[in-house]
Each structure stands twice: as structure tokens, then as C-alpha cells.
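So the chains spell out like this:
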Amino acid sequence: MEDTTVDEAEVSGAAEFAPALVAAHPQGHSVAVAVGPELRVFDLKAGCAVSLSDDCGGRFHSDAIRAICFSVDGALFASAGDDKLVKVWKTDSWRCIQTITSEKRVSSVAISNDGLYVTFADKFGVIWLVTLGEHSGEQVSVDNKPVPIVGHYCSIITSMKFSPDGRFIATADRDFKIRVTLFPKNPLKGAHEIQSFCLGHTDFVSCIAFTSKSEGQRFLISGGGDSTVCLWDYINGYLLDTCQVRDKVEELLEPNETDDSNLAIADICLSNDGSLVAVAIQGFNGVMLLTCDLIAKKLSFLKVITMEKSYIPTSLATSFSSKLLWSVMGASNMPNQAASQLLTRLRIIPRFQKNLLSSSDNGPAMLEDTEVPHSEKLLLALQGSLDIAKQEEVLASVLAALKVSMHKMLVKKHYSEERREQRKRGRNDKKIKN
Amino acid sequence: MTRTNGASGGGAAGKLPRKRFYRARAHSNPLSDSHFPVPVSPDEFDLSQHYPRYFPADKGGGEEEAAAATAPPRISFADVGCGFGGLLVGLSTLFPDTLMIGMELRDKVTEYVKERILALRATNPGQYDNVSVVRTNSMKYIPNYFRKAQLTKMFFLFPDPHFKEKNHRRRVISMQLLDEYAYVMEVGGIIYTITDVEELGEWMQSCLERHPLFEAVSDEEVKADPVVKLLSTATEEGQKVARNGGQTFQAIFRRISLQEE
């Protein structure tokens, strides 16, 4: 009988493939890209790259960043990952004002809507909460320890979001589940009241997103390894609609390319007016757009924006204030990857709103590099290079790795008896040193 | 260590299965993902397989058809880690109109309980139709089987393995798992725990006391509850402890609703 445990990620000699991530400041002030341990930020207002500074021990991240996010008001930014650190940054000065140590690697991070707390998920499936210091920029004393508030037993949290009204925190895991929990006024005692479980995915849930406030406070959208995007009434845990992304993609790809593991949903992003859902699909060189009709409670296929053959977005982002959809492709921790090769490629889709995108429009739906805001400076800062040839080389290997990565990351591996014993011997749960 | 099962068909003949054909190690690793089917959601949990008398003449997913007539019966009691089924058998006749289920991780032991129930149904017509067992990992999949506020009683008898120290969070009773148990229990439902390991007993008591959705059941109520006696007498483990003159530690709590400030 197979007998593997979740802690395998801690012990494996070869670090896991880490996709590049992109996040956009809610008011459009900046864009951040994380690839490997590097955090790259571009200030869109000033039109220049940002240099980060760190008050907390002077170290930036030393290992792959797995999650990034902006706070709802844009004042704060959080990054966390394999170095077991959660870093909180002020976005006006881009100084790191707080660094929190986790016992285990971090897979997901979120900032509460009021900016008072940061939550992060460790590889055992526990969500921890830390009180954030004042925004005034003073040094924060680090004796406020993380407290556990929610647990998905023995599972990996893939996505964690606060509802727009701040009442709930939703967490999705590798074991097909989405849990919606009431986020109490005093969360330091834990979030114990579960509102609902949204159950229906038949494979890992890779990403979740709440619809915006104006649409009424009950809808959640999720994407999964089962190649579906689902619309939920999260108050009651009802599955309202399912979009079988696989069917659409199969029409567009060659038959030999539609291997099941290639069609997992990599990321979803809602447009700021709630009318569209952009879907990034592992193994698909483009972005699929779905319309989201909350009156009829349906998701429908709108169109596909195909990109060049070698471009598969690993992460999507948009801001409240602009109609740009940012996508990035990149990765770290790939076999034979040199540190200097942390290159990414950005592609931006304009007019990311239903009324602006006509489904009959077959023209180029992406910005050319020259049309990108602050074009060269931005692309150089966030991509790491403007050299097309060099990029293509790196991205080709990302492409190859991507086609198996997500499946490997989130589907449990099975080992032989000896290999298991070997792994057990190497295991080590580090305790936090105080 | 485990013998192959030579006692199949025990249920059909009405003969109780022999335990020695179902021996398994006492411990099973709840952190591992064994490959047993898990319903995607409670709606997909086919009760007709478990309680045929209550869901007659259907082809799986019997609830829809029963629903056409009246509200379908739902499971009210869950025995988490039911072992060889001693408690369930005792509860079945005490609550003949209540549907109850045992959840057990070990394959062989689950088979034993299935055979035992079939045999009991055969030799006691009209009885034991309300009890069944499912092989599953209740620490991971409870929400897949039960809807919000469905259960009126949950049982955790002699949990084992009882992880030590930094593995406390892997115990079947923990602050995090109590969130899920509270979710599937209705307000007013009762959670029963018992163990012969003092430290574990203290741990479970402490978790339940600290959890905002549970409050202790008063001593008078505990004395008056006919179920309580079964905790220490109905199961193999309980009987073993009694034979050895050991002490048991109970924690019985009620699921309450959160008081908002």
C-alpha cells in the first residue's frame, strides 16, 4: 500500500519548479514580478524600476518566491516562499517593514482588507496569522508570533483570498477542496466557524478569486487541475456553473498535445468590472476569456487570445483602475538553470473588459512591446533582459518544464519502500528559534 | 502479519465473521493517501449502498428518488475510527430509527465490520438496517460525506495513534479539526471522546474547552445519557481496558453557536 506523506516537499533533493508570478497594484501604481528569489518591481507612475530596501536583517528572499499579493488599498505588498520567510513591504517606499519566519515553506499569502493582518499557509496546510505593525514605517518588534487560524489537514494550500467585504477567508487546497471560513473581528483566536465547503472539483484546486463587491456578496470562481473553471455561491457552498475548459482547448490544439496533465488551470484573473474571467492553462499558449454573468449565474466561453507558440503564461494579474491584463511566463528551479537565467517574458492584454472586447475581433489582442507603458524600461526591469534570443532559449526550457510541472507539484508522488525510508531519515522539522 | 481473508460470505450465511481472519496492525497512517473512493461532495455519497432498506429500488444516488416522496433520511451519528464496530452495534438497537455510520481507515477492519453488519441483519430481521461502515480517512474527508449541521452525535473512542509532542496537530482531535467537526454537527449535537491514555485525554479535554464552538456537557446530563455507558463497555478497546483494570478519560461536549460580541 502506498504510504507517502505530504512532507516530501521538504526533503526532496531537487527543489520543485517554481513558476514566475505577477501582481498589479490595485490603483495601477506599480507592477511586481517574482521569479525565483528575485522580486522585481516597476513603478508605473514614475516610469522606472524600483530598488527594494530591507530593514529587517537586510536579506531579500533567498529561495523561490511562491506567493505575492498587494493589499486591497495598495499600501502593502507581501511575498513569501521556499526560504520560509514572509516579507511585508510598504509600497510607497518599497521598504520591507516586517519579516516573519515560518516553520515550513510557505505556499500562499494574503493581507486582510483592513491591512491589519497578514496570513500565510505552510506546507502542512495550516494558515498562520500575524499582526502587522503600524503603517507609519517604524520598526516593528518581532515578538508577535504567528498564530494558527485555519487548517486543511495534511494538504497544500494553493490559493487564499479574503472576500471583498472582509467577512470571509477562502482557502483552496490540493485535495480538491475549497473552504470558506468566517474571518472574525479578533482573528488571533483562530477562525473556527466554517461557512461552507465548495466541493466539486475532481482534482487539485489551483486558484480562487472572489467577484468584486458590486456584484453582490456571494460568488467565488475557482480553477482546478481537472481543467474546469467553476462558479460558486460560497455562502451556501453551491456549485452554480462549470466551464469545461478542456473541450475548448482541445479544439485548438493538435491531438497529440492534449494530454490531461497539460490542461490544468494555472491561474485565473477577474476583470475589474467582474464581466470577464481570464484563464491561464498549463500547456496552452494563450489566455482564454470567459464571460461571467452573475444574474444568470453562468460562465460562458468568449474567446481565446492566442500568443506565440512558445508563450505559456504562468501567472495573471490586473488592477482595479486599469483595463490591462498582465501575464508573465517564467520559472526557476529548473534543471540546469543558471542563476543568471531568471528571465521572464511579459505580455499584456489591453481592453480587459467585456464591453471592450468584441468576440468577432480577430486582430492582435496583445500589446506590442513598444506599446507597453514605459516599454523598454519596464520590460527590461521585469523580464531581466531585452535580448530576444536569450529569452527564447530560456523560455523554451520553461515551456518544457511547464508541461509537466503543475501536475508534479500538486499530485502526490509515490515512492518505493526504500526511497521512502531514505526520505524519512532526512526529514527535519525545524522549530522557530525565539 | 495479516492473513488473507478466508471468511467471505459470512454475511450471507448469517454467520458472524471471525476476527482472526481480519487482523491488521493497530496503527494505520492517517497522513498517507490510500486509494479508496471518496465522494466528491455529500450529494454524491450513495447511501443506498449502505442502507438498502431505507433507499429501496434505485440505481445509485438513491437520494433523488427518495426525495421525490419525502425528505431523504440522513445519517445522524458518526463513529470516527469505529474499529471492529462494537459501539455501532450497541447504538443500532438503542436508536433503531437513526442512521449511523462508522468510519475506519484500515481496509481489513472495515471489511470485518461490513461482514458483521450483514450477518447481524440476516440473523435479526428488521434490525441493524440503520448502521453501516465506510472505509475512509475522516481527518481529511469528513466534509465530503456530511453536510453542514447534519450530525447529532460524533464519537471518538480510543483514538490511536496518539501522536506525541510536535505532532499534536496530527491528532484526530485538534483545534483545526474541531472546526470541521463543528461544521458537520448541528447546534446542540454532542461529541463523545474517550481514551485510556491520560495525556491524550487531557489534550482532548483541553482542545474542546478552548474551542469556541463547543461547551462541556454537565455531569447530570452525562449521567442521564444512555450512550455514555457504551463508550467504555461496547468496544474491544474499552473491554480490554476494563479487563486490565485501567482508567478511562472522557470528554463529552455540546456543539454550540458562536456568541457574537
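What you are looking at is a predicted structure, and each value in this text was computed from that prediction instead of being measured.

Things to note about the overall build of chain B
- Looking only at helices and strands, chain B features 10 helices and 7 strands.
- Expressed as a percentage of contacts within chain B between residues at least 6 apart in sequence, the contacts between residues at least 24 apart total 77%.
- By element, 49% of the accessible surface of chain B is carried by carbon and sulfur atoms, the whole surface being about 12,100 Å².

Examining the UniProt feature "active site" (unreviewed entry) in chain B
Residue and element names in this part refer to chain B.
- Residues annotated in UniProt with the feature "active site" (unreviewed entry) correspond here to D160.
- With respect to the helices, strands and loops of the structure, D160 is situated in the loop between β4 (151–157) and α6 (175–184).
- On the basis of relative accessible area, D160 is assigned to the partly exposed category, the value being 40%.

Quick notes on unusual backbone geometry
- With a phi angle near 55 degrees, R351 of chain A is a residue other than glycine that sits in the positive phi range.
- In this structure, R351 of chain A sits in the loop between β29 (344–349) and α3 (375–383).
- Of note, the phi angle at F158 of chain B is positive, near 50 degrees, even though the residue is not glycine.
- Considering the arrangement of structural elements, one finds F158 of chain B in the loop between β4 and α6.
- Accessibility expressed as a relative area gives 7% for F158 of chain B, which makes it buried.

Looking at the sheet that holds strand β10 (residues 95–101) of chain A
All names here are of chain A.
- Taken together, the 5 strands give an open sheet; going across it, the order is β6-β10-β9-β8-β7, and neighbouring strands pair in mixed fashion. Two strands in the sheet have a free side with no partner beyond their single neighbour: β6 (53–54) and β7 (65–70).
- The pairing of β7 with strand β8 (residues 76–81) spans 5 bridges and is antiparallel. Looking at the pairing, I65 lines up with G81 of β8.

With respect to the side chain of D129 of chain B
Residues and elements named next belong to chain B.
- By the element assignment, D129 lies in the loop between α4 (107–123) and β3 (131–135).
- Reaching out from D129, the side chain makes a polar contact with the side chain of R53 at a distance of 2.9 Å.
- When neighbours within four sequence positions are excluded, D129 is seen to be in contact with Y51, R53, Y54 and R121.

Brief notes about the nonpolar core
- Ranked by internal contacts, the top residues of the largest apolar core, which has 65 residues, are V118 of chain A together with F146, M154, Y181 and I191 of chain B.
- Among the elements that make up this core, the one with the highest residue count is α6 of chain B (7 residues).
- Setting aside chain neighbours within four positions, we find V118 of chain A in contact with A78, V86, V88, I100, V109, A110, I111, W128, L129, V130 and L132 of chain A.
- Of all hydrophobic cores here, the second largest spans 31 residues; its members include L120, V133, F158 and V217 of chain B.

A look at the packing of helix α3 (residues 86–94) of chain B against helix α9 (residues 226–233) of chain B
Residue and element names in this part refer to chain B.
- Two elements in contact, α3 and α9, have axes whose closest approach is 10 Å; the angle formed by their N-to-C orientations is 160 degrees. In this view, α3 runs roughly antiparallel relative to α9, as classed from their interaxial angle. Note on packing geometry: the crossing formed by α3 with α9 is right-handed. Across the interface between the two elements, L87, G90, L91 and L94 from α3 touch P226, V227 and L230 from α9.
- Across the contact of α3 with α9, the residue classes break down as 6 nonpolar, 1 polar and no charged.

Considering the UniProt feature "binding site: S-adenosyl-L-methionine" (unreviewed entry) in chain B
Residue and element names in this part refer to chain B.
- In the numbering used here, UniProt assigns the feature "binding site: S-adenosyl-L-methionine" (unreviewed entry) to G81, E104, L105, N137, S138, L157, T235, E236 and E237.
- Residue classification places T235 among the buried residues on the basis of a relative accessible area of 10%.
- If we skip the residues at most four places from it in the chain, T235 touches G86, L87, L157, F158 and L230.
- Of note, E237 is situated in helix α10 (residues 236–243).
- Classification of E237 by relative accessible area gives partly exposed; the value is 30%.

Observations regarding the pattern of salt bridges
Residues and elements named next belong to chain B.
- Overall, the coordinates contain 20 salt bridges over all chains when judged by the stated rule.
- The residue K114 makes a salt bridge to E111 at a minimum N-O spacing of 3.4 Å. Note that K114 and E111 are positioned in helix α4 at a spacing of 3 residues, about one turn of the helix.
- With a relative accessible area of 36%, K114 lands in the partly exposed category.
- The exposure class of E111 is partly exposed, given its relative accessible area of 29%.
- A salt bridge links R121 to D129; its shortest N-O distance comes to 3.8 Å.
- On the basis of relative accessible area, D129 is assigned to the buried category, the value being 11%.

Scoring rules and cut-offs
Residues numbered from 1 in each chain as written. Chains lettered and ligands numbered in written order. Predicted model: local features only at pLDDT ≥ 70, side-chain atom pairs only at ≥ 80, totals over all residues. Heavy atoms only, no water. Helix = DSSP H or I, 4+ residues; strand = E, 2+ residues; numbered from the N terminus. Contact = heavy atoms within 4.5 Å. Areas by Shrake-Rupley, 256 points an atom, 1.4 Å probe, with all protein chains shown as cover. UniProt positions renumbered as here; feature names shortened; annotations may be inferred. Buried < 20%, exposed > 50% of the residue type's maximum accessible area, 1.4 Å probe, protein only. Pairing = 2+ DSSP bridges. Polar contact = N/O pair within 3.5 Å; in protein donor to acceptor, adjacent residues only side chain to side chain. Core = buried A, V, L, I, M, F, W, Y, C linked by side-chain atoms within 4.5 Å. Axes fitted to C-alpha atoms, helices over the stretch in contact; angles between N-to-C directions. Parallel < 35°, antiparallel > 145°, perpendicular 65-115°, else oblique. Left-handed = near helix turned anticlockwise from the far one by under 90°. Nonpolar A, V, L, I, M, F, W, Y, C, P; charged D, E, K, R; others polar. Salt bridge = Lys/Arg side-chain N within 4 Å of Asp/Glu carboxyl O.

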